[in-house]
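Coordinate analysis (summary)
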2 protein chains.
Amino acid sequence: MSYHKQLTIGLFGFGVVGEGLYKVLQQTPSLSASIKKVCIKDPAKKRNAPVSLFTTERDELLNDPDINVIVEVINEAGPAFEIVSTALKNGKSVVSASKKMIAEHLPELLQLQEVTGQSFLYESAACASIPVIRNLEEYYDNDLLHGIKAIVNGSTNFILTKIFEDKLDFQQALLLAQQLGFAESDPSLDVEGYDAVNKWAFLLTHAYGIIEHPNNLLFTGIQNIHSMDARVAAEKGQQIKLVAQAQKLHNGQVASFVIPQFVPQDDHLAFVKHEYNGVVIESGFSDKQFFYGKGAGSFPTASAVLSDLSALRYDYKYEYKKLYHHQPNKLTNDYYLRVYVSFTDWKHIPREKFEWIEEWHAREERKYLVGVLPVNELLQSDWWKTNATSLILTPDPVIEDIAIKQLKKKSLELAGII
Amino acid sequence: MSYHKQLTIGLFGFGVVGEGLYKVLQQTPSLSASIKKVCIKDPAKKRNAPVSLFTTERDELLNDPDINVIVEVINEAGPAFEIVSTALKNGKSVVSASKKMIAEHLPELLQLQEVTGQSFLYESAACASIPVIRNLEEYYDNDLLHGIKAIVNGSTNFILTKIFEDKLDFQQALLLAQQLGFAESDPSLDVEGYDAVNKWAFLLTHAYGIIEHPNNLLFTGIQNIHSMDARVAAEKGQQIKLVAQAQKLHNGQVASFVIPQFVPQDDHLAFVKHEYNGVVIESGFSDKQFFYGKGAGSFPTASAVLSDLSALRYDYKYEYKKLYHHQPNKLTNDYYLRVYVSFTDWKHIPREKFEWIEEWHAREERKYLVGVLPVNELLQSDWWKTNATSLILTPDPVIEDIAIKQLKKKSLELAGII
């Protein structure tokens, strides 16, 4: 009945995801996949699996000719890259969940795939259980992808949900997230947006053929969100979400950013609460597509690894169609963003950098304004992330040059402040 | 940069979808797809395209060696099947949007694909812009697909939304749907559930490898939904949706039905309003995935056709993995459904057929009860669709045999009526 390939797996890492995969595989006999060996760092740690399964010698896996698939779910980007690149060179398929590693080494990983001809799959690295890479790769492969916006980090979304629904302040919400296992003991990777921008880096590749190191992308996290920001949002009937967004401009170039954003209650992303992730794909003629599911956790991540393993039975490879088969889109910083900024003192705000300011409020100790900034200003400065200043994008924040010219005069009249 | 196949299209049908596709293709030059000829029925009708494009001779398309893809978007199942089968036999790939034709001829179409080796794609026939077939086919191809429930018919969902949000009665809502072009002048295909069950028939194939003629599936539409039903739903904080559902039972067999269902406000499907469609996939370990998008209309349907065309450039074929590579799941009718039934007179209700009745209300002219029925009773009778009787499933309606035995005694005690 079945002619698919038998998978013999060498697994690196037996943490939350690795152990999840081990359990999941035990319950999916039809997959014909078995873990032959698991490489771990700490042999003394108690594991819920037979001792004979484990080793601390990576070459026992990487040089075993029986092992045809390496699954790599460790935490450190450096060793992960070494494991993945050696495995590919040794003629093995690889499944990885290491977003940071993939984001930072994408050019080398693309080359390794080309040279070795091996499959390298990493659906679990993006939005865990949501098959976003596969859909971008296989389904939206025409030039109609107008935009994509997404909640790709479950920890920050959990914290923001708690701030909004249970009126916790940031520190309380973070503590709760840590207690429930949704945030690491060092939460800066999630909270400051690093995790989200890492994922966004390779999602940009699958969406638009863009290859850019995450350090060069415009991003921040939710670390400066103030309870007043949540109050302002609630007054406007909106929520605040950490939104990763890419949008094709009229000139065909792509704007991309990962920044907190006000989200109206009827927006698809407002539906995404707690540790869930969501992706809204806007493609020409089909309006908006919305994908929603668990974005983190042992089993959701393991199930995404499982789907990659399942695809390997049929020798599935990412074709990187937007990169290789189409003219890739170019990233641009030549556009403007409409932003809300809350702050303690005007002295921290370079008012002259704004194209215009539409609103400002000074009713409380903490002040806020709404205005339009050139993206290059955000990339080249950090006043908007320091001194407890909080910058949040307004809904539909992108303003293209052409719109600026049309709107500027009118807005200056209305605002009358610059 | 690009090595994909050049597509030369013969198009059958120039109605809403056909003309939509014509326009969409003009705006997607990167697809390298061009329509060489369009076959229409009525040459006198005015068309928004050059006259030279049209013919009434189907063989001009089917026998043209230049044409390597037939796109079939006509309305009649019989002629559609003839066109599709001839095209496949003539060595052409085929893209079709004809759900009825596909549902009714699936065994022959599977055989034709196998014999000819040609691609036959029909994503647009299921939920228009939502890539549900592709995801079921490519992503959920392990034995962890616990269940799938979906809103697959935009017209009925539009009518139900209007009944709930604008308090229209069924006839008013239907009229509005017709005025806005969301329902045909003869709306019975949509309203009585035929369109939904046709889609569901082949979605069952891609989800579970089940091949069943739609006539043999358990289904009804929304034709008997009464405004009192909407009131009862609102009192319980619920909506009513026409839900197509398949669920794997403990014995590995699959329960399937397309019947109106009460949907709690926090259910994913409650998010699906107006003419939109939504699909909730419940797979082991990854919890629930939710896909949402426009389920009908010229451009959303054309864009799904476009994605199929795009896939043809890479010679994509459905592999029907659940059917050919796995042990297909079997459909069963050996289970029970928990139902709400509203009616005018007890004489229309065969009380003895219920396993038990948990609630009944006779406060108004129209009465209702909540009880549990064996599915075979629903398949073999039609009292629940006639005499203005309205049957709506309760949330989580499936009761398996084993649960019945455990619950029966307790429920009989509680209800005390059978």
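Remember, predicted model here, so these are calculated numbers, not experimental data.

A word on the overall build of chain A
- When helices and strands are counted, chain A shows 16 helices and 16 strands.
- For chain A, the C-alpha radius of gyration of 23 Å lies close to 22 Å, the compact-globule estimate for 418 residues.
- In terms of principal-axis extent, the alpha carbons of chain A reach across some 75 × 45 × 35 Å.
- Counting over 418 residues, chain A shows a buried share of 61%.
- Restricting the contact set of chain A to residue pairs at least 6 apart, pairs at least 24 apart contribute 72%.
- Across chain A, the 42 positively charged side chains and the 51 negatively charged ones have centroids separated by 2 Å.

Considering the sheet that holds strand E2 (residues 33–39) of chain B
All names here are of chain B.
- Pairing in this open sheet of six strands is parallel, and the strands run E3-E2-E1-E4-E5-E6 from one edge to the other. The sheet is open, and its two borders are formed by strand E3 (54–55) and strand E6 (120–121), each paired with just one other strand.
- Sheet strands in contact with helix H12 (residues 298–312) are strand E1 (7–12), strand E4 (69–72), strand E5 (93–96) and E6, and its direction is about 165° off that of E5.

Section: the nonpolar core
- Leu 309 of chain A together with Leu 309 of chain B are the most contacted members of the largest nonpolar core, which has 232 residues in total.
- Ignoring anything within four residues of it in the chain, the contact list for Leu 309 of chain A reads Leu 7, Ile 9, Leu 21, Leu 25, Leu 31, Val 69, Val 71 and Val 95 of chain A.
- If you look at the next biggest cluster of nonpolar residues, it comprises 23 residues, including Phe 257, Leu 337, Ile 357 and Val 398 of chain A.

Section: the packing of helix H3 (residues 77–89) of chain A against helix H5 (residues 106–116) of chain A
All names here are of chain A.
- Orientation of H3 relative to H5, taken along the N-to-C sense of each, is 15°, at an axis distance of 9 Å. Judged by the inter-axis angle, H3 sits roughly parallel to H5. Note that H3 runs across H5; the crossing there is left-handed. Counting all contacts with H3, which are made through Phe 81, Val 84, Ser 85, Leu 88 and Lys 89, the residues of H5 involved are Glu 108, Leu 109, Leu 112 and Thr 116.
- Its residues assigned to classes, the contact of H3 with H5 comprises five nonpolar, two polar and two charged.

Focus: the pattern of salt bridges
Residue and element names in this part refer to chain A.
- This structure, assessed with the given rule, holds 30 salt bridges over all chains.
- As a salt-bridge pair, Glu 319 and Lys 321 come within 3.8 Å of each other at their nearest N and O atoms.
- What you see here is one network of salt bridges that share partners, running through Lys 36, Asp 64 and Asp 66.

Some words on the environment of Ile 210 of chain B
Residues and elements named next belong to chain B.
- Within the element layout of this structure, Ile 210 appears in the loop between helix H10 (194–208) and strand E8 (218–219).
- Ile 210 sits 113 residues away from Leu 323 along the chain, and the two C-alpha atoms are 7.2 Å apart.
- Excluding residues within four positions of it along the chain, Ile 210 makes contact with Ala 201, Leu 204, Thr 205, Val 254, Asn 329, Lys 330 and Leu 331.

Remarks on the side chain of Asp 308 of chain A
Residues and elements named next belong to chain A.
- Locating Asp 308 in the fold gives a position in helix H13 (residues 298–312).
- Among the polar contacts listed, one links the side chain of Asp 308 to the backbone nitrogen of Tyr 122, at a separation of 3.4 Å.
- At 2.9 Å, the side chain of Asp 308 forms a polar contact with the backbone nitrogen of Glu 123.
- Setting aside residues up to four positions removed in sequence, Asp 308 forms contacts with Val 95, Leu 121, Tyr 122, Glu 123, Ser 124, Arg 134 and Tyr 318.

A look at the environment of Gly 278 of chain B
All names here are of chain B.
- The residue Gly 278 is located in strand E11 (residues 276–283) in this model.
- Taking the C-alpha atoms as reference, Gly 278 lies 9.5 Å from Val 132; in sequence the two are 146 residues apart.
- Apart from residues lying up to four places away in sequence, Gly 278 is in contact with Ile 130, Lys 149, Ala 150, Ile 151, Leu 269, Val 272, Phe 290, Phe 291 and Tyr 292.

Things to note about the domain arrangement of chain A
Residues and elements named next belong to chain A.
- Parsing chain A into structural domains produces domain 1 (7–127), domain 2 (132–294) and domain 3 (336–415).
- Distance from the C-alpha centre of domain 1 to the C-alpha centre of domain 2: 27 Å.
- At the interface, 13 residues of domain 1 touch 18 residues of domain 2.
- Of the roughly 1,300 Å² buried at the junction of domain 1 and domain 2 (both faces included), carbon and sulfur atoms supply 69%.
- Counting the contacts that link domain 1 with domain 2 gives four residue pairs in polar contact (both at pLDDT 80 or more).
- Those elements that provide at least two residues to the side of domain 1 that touches domain 2 are helix H4 (99–104), H5 and helix H6 (124–127).

Some thoughts on the interface of chain A and chain B
- With 52 residues of chain A in contact, the opposing surface of chain B contributes 53 residues.
- For the pair chain A and chain B, the summed buried area comes to about 4,400 Å², and 54% of that belongs to carbon and sulfur atoms.
- At the boundary of chain A with chain B, the tally comes to zero salt bridges.
- Its residues assigned to classes, the side of chain A that touches chain B shows 23 nonpolar, 18 polar and eleven charged.
- Bridging between strand E12 (residues 287–294) of chain A and strand E12 (residues 287–294) of chain B involves three bridges; their strand directions are antiparallel. The residue bridging Phe 290 of chain A from the neighbouring strand is Tyr 292 of chain B, located in E12 of chain B.

A look at the sheet that holds strand E2 (residues 33–39) of chain A
Residue and element names in this part refer to chain A.
- A sheet is described by the order of its strands in space; here six strands give the open sequence E3-E2-E1-E4-E5-E6, paired in parallel fashion. Looking at strand neighbours, the two that pair on one side only are strand E3 (54–55) and strand E6 (120–121), the edges of this open sheet.
- Across four bridges, strand E1 (residues 7–12) lies against strand E4 (residues 69–72) in parallel orientation. Along E4, the bridge assignment pairs Gly 10 with Ile 70.
- Relative to strand E5 (residues 93–96), H13 is tilted by about 165°, and along the sheet it contacts E1, E4, E5 and E6.

Here's the deal with the packing of aromatic side chains
Residues and elements named next belong to chain A.
- In this structure the tally under the stated criterion is 43 aromatic pairs over all chains.
- Note on Phe 262 and Tyr 340: the rings are 4.9 Å apart at their centroids and 85° apart in plane angle, and the pair reads as edge-to-face. A residue pair is termed long-range when its members are at least 10 positions apart, and Phe 262 in strand E10 (residues 254–264) and Tyr 340 in strand E13 (residues 336–343) qualify at 78 residues. Taken individually, Phe 262 and Tyr 340 each receive the classification buried, so the pair is uniform in this respect.

So, the pairing of E1 of chain A
Residue and element names in this part refer to chain A.
- With six of six residues buried, E1 lies mostly within the body of the structure.
- Residues Leu 7, Ile 9 and Leu 11 of E1 are buried on one face, and the alternating residues Thr 8, Gly 10 and Phe 12, pointing to the opposite face, are buried as well.
- When E1 meets E2, the two strands line up parallel, connected through six bridges. For Phe 12, the partnering residue across the bridge sits in E2 and is Cys 39.
- For the crossover from E1 across helix H1 (residues 16–26) to E2, the handedness is right-handed.

Criteria and cut-off values
Within any chain, residue numbers begin from 1 and follow the written order of that chain's sequence. Naming scheme: in the order in which they are written, chains are lettered from A and ligands are numbered from 1. Residues qualify for local features only when their pLDDT is at least 70, as the model is predicted, and side-chain atom pairs are given and counted only at 80 or more; totals for whole chains, interfaces and linings, by contrast, use all residues. Values reported for side chains reflect all heavy atoms of the structure, with hydrogen atoms and water molecules removed beforehand. Here a helix means four or more residues in a row that DSSP labels H or I, a strand means two or more in a row labelled E, and each is numbered from the N terminus. Radius of gyration here uses only the C-alpha atoms, and the compact-globule reference equals 2.2 Å multiplied by the residue count raised to the power 0.38. Each residue is assigned to one of three classes by its accessible area relative to the maximum for its type, calculated with a 1.4 Å probe on protein chains only: buried under 20%, partly exposed between the two thresholds, exposed over 50%. A contact between two residues is defined here by any heavy atoms of the two lying within 4.5 Å. Lys and Arg are tallied as positive, Asp and Glu as negative. Neither His nor the chain termini are counted. Where a charge lies is defined by one atom per residue type, namely NZ (Lys), CZ (Arg), CG (Asp) and CD (Glu). In this description, strands pair whenever DSSP reports at least two bridges between them. A fitted line through C-alpha atoms represents every axis, and for helices the fit uses only the stretch in contact; the resulting angles, taken between N-to-C directions, go from 0 to 180 degrees. Here the nonpolar core consists of buried residues drawn from Ala, Val, Leu, Ile, Met, Phe, Trp, Tyr and Cys, with membership extended through side-chain atoms lying within 4.5 Å. Orientation categories follow fixed angle ranges, with anything under 35 degrees roughly parallel, anything over 145 roughly antiparallel, 65 to 115 roughly perpendicular, and all other angles oblique. Crossings are classed by handedness, with left-handed meaning an anticlockwise turn of the near helix from the far one by less than a right angle and right-handed meaning a clockwise turn. As a working rule, the residues Ala, Val, Leu, Ile, Met, Phe, Trp, Tyr, Cys and Pro are called nonpolar, Asp, Glu, Lys and Arg charged, and the rest polar, with Gly in that last group. Think of a salt bridge as a Lys or Arg side-chain nitrogen and an Asp or Glu carboxyl oxygen that are within 4 Å of each other. Definition of a polar contact: a pair of N or O atoms within 3.5 Å, with one able to donate and the other able to accept a hydrogen when the atoms are protein atoms, and with sequence-neighbouring residues admitted only if both atoms are side-chain atoms. Where each domain begins and ends is defined by an automated method or by a domain database. Once two parts are put together, the accessible area they lose, assessed with a 1.4 Å probe and summed over both, is termed the buried area. Aromatic pairing here means that ring centres of Phe, Tyr or Trp (its six-membered ring) are within 6.5 Å. Orientation follows from the plane angle: under 30 degrees is stacked, over 60 is edge-to-face, and everything else is tilted. Handedness of a crossover: with both strands directed away from the viewer, a clockwise path from the first strand across the helix to the second marks it as right-handed.

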